[in-house]
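# Structural description and commentary
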Amino acid sequence: MSFTLGTTSMSPPIALAPMAGITDRPFRDLVRSFGVGLMVSEMVASQEMVQAKPGVRERAELSADVENTAVQLAGRDEYWIAEAAKQVAGQGARIIDINMGCPAKKVTNGYSGSALLKTPDHALKLIEAVVEAVDVPVTLKTRLGWDDNCLNAPDVARRACEAGVQMVTIHGRTRCQFYKGSADWAAIRAVKDAVTVPLLANGDIVDTASARQALEQSGADGVMIGRGAEGRPWLLAEVAHHLWATPAPEIPQGDAFIQMVSEHYRAMLDFYGQDLGVRVARKHLGWYMDEAGTGPAMRRAVLTEKNPAEVLALLPEALSAQIPEAAA
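In this report, we go over the structure that sits alongside the text.

So, how was this worked out
- All residue numbers refer to positions counted from 1 along the written sequence of the respective chain.
- Confidence filtering applies because this is a predicted model: local features only for residues at pLDDT of at least 70, side-chain atom pairs given and counted only at 80 or more, and all residues used for totals across whole chains, interfaces and linings.
- To get the side-chain values, all heavy atoms of the structure are used, and hydrogens and water are removed first.
- A run of DSSP states H or I qualifies as a helix once it reaches four residues; a run of E qualifies as a strand once it reaches two. Both are numbered from the N-terminal end.
- Contacts: residue pairs with any heavy atoms within 4.5 Å of one another.
- We get accessible surface area from the Shrake-Rupley algorithm with a probe of 1.4 Å; when it comes to residues, only the shown protein chains can shield them.
- Exposed residues in this analysis have more than 50% of their type's maximum accessible area, buried residues have under 20%, and partly exposed residues fall in between, with area computed by a 1.4 Å probe over protein chains only.
- Working note: the arc is built from the helix axis to C-beta atom directions.
- Here a polar contact is recorded for every N or O atom pair within 3.5 Å, except that within protein the pair must consist of a potential hydrogen donor and a potential acceptor, and residues adjacent in sequence are included only if both atoms are side-chain atoms.
- Working definition: rings of Phe, Tyr and Trp (its six-membered ring) pair if their centres are within 6.5 Å, and the pair is stacked with planes under 30 degrees apart, edge-to-face with planes over 60 apart, and tilted otherwise.
- Criterion for a salt bridge: a side-chain nitrogen of Lys or Arg within 4 Å of a carboxyl oxygen of Asp or Glu.

Counting its secondary structure elements, the chain contains 14 helices and 11 strands. Excluding contacts between residues fewer than 6 apart, the proportion of contacts in the chain whose partners are at least 24 apart in sequence is 69%. A total of about 13,700 Å² of accessible surface is found on the chain, and carbon and sulfur atoms cover 48% of it.

Listed below in structure tokens is the structure:
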């Protein structure tokens, strides 16, 4: 199963979910290196990006001109989100994704993200503004609804498609669930039945078995994987291999795993600068050490060390126990 969005081939139909502070340029580049999938930038606030407030451009590094990359925008104002869309399209963005799923209070309190599910008429105006502003495909990522009393994703998605959205991604939770409980993949089917464009299922997809189950229960055309890829940047390629017979990724083990992690660490230092890079890298190193089964004393030593050279010196021992589990 495959489809295209403008010049982007969704073959196989699998994507890396945007996760603030996690799916930055270094991590997306690493996931991309395993060979498959659509990369989605971290969510970028439209007005702040257009006005170039400090840190936004630097943090984003949208990879707008990189193949198989979508730029995700959030906003509550038609003018600003349209201007942001024009700006990233001018930088070479091939796909623009509209965020209507982020549950964070700092986003929803500003009436962006999943808060837009409470005002579908206003949400539609934002979608129409973006579609009219650019010539590249526009996609939408959202949730089942605001809460159990507002499960309006089927109607919102249908109207979005009528307005010109070319793909929809649904996280199988409401906003008020945040990330608690389990994603309801079966509930996504009502959204799939309401739209005429490809749909990706998202939420709690952490391996091949869960991806297959999500597809079966939702009827979706593909999957989007987020937290499951933390510490396992090869996961998208591995799932794609098992589900859609793409080439099997070479999962790094032993020295190759240590080298991959070390290169990712250096890439984060180059991207953020040493002081910030050391701090940002800790969560990734923690996930890699989860994969490796690193003991608590060594884990603490790596995550509290402030000197990058010392961190790199510790990694071979810290990661030496790594034996990645193949996806079921």
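That was the structure; now back to the text.
Once that is clear, we can look at helix H9 (residues 208-218). Taken together, the buried positions of H9 are Thr208, Ser210, Ala211, Ala214, Leu215 and Ser218. Buried residues of H9, seen end-on, are gathered within an arc of 165° and therefore sit on one face of the element. Against helix H8 (185-194), strand E10 (199-202), strand E11 (222-225) and helix H10 (235-244) lie the buried residues of H9. The distance from a side-chain oxygen at the start of H9 to the backbone nitrogen of Ala209 is 3.3 Å, and the residue carrying that oxygen is Asp207.

Okay, the packing of aromatic side chains next. For the structure on display, the rule yields five aromatic pairs. Geometrically, the ring pair formed by Tyr79 and Trp80 is edge-to-face, given 5.0 Å between the ring centres and 75° between the ring planes. Judged by centre distance (6.3 Å) and plane angle (70°), the rings of Trp234 and Phe257 are edge-to-face. Of this pair, Trp234 sits in the loop between E11 and H10 while Phe257 sits in helix H11 (residues 255-272), and the two are 23 residues apart along the sequence. Judged by its relative accessible area of 1%, Trp234 falls in the buried class. By way of ring pairs, the aromatic residues Phe34, Trp234, Phe257 and Tyr288 are connected into one cluster.

Here we come to the pattern of salt bridges. Tallied over the entire structure, the rule returns 10 salt bridges. Between Arg299 and Asp290 there is a salt bridge, and its shortest N-O distance comes to 2.9 Å. The class for Arg299 is partly exposed, based on a relative accessible area of 25%. A single network of salt bridges, built from pairs that share partners, joins Arg25, Asp29 and Arg32.

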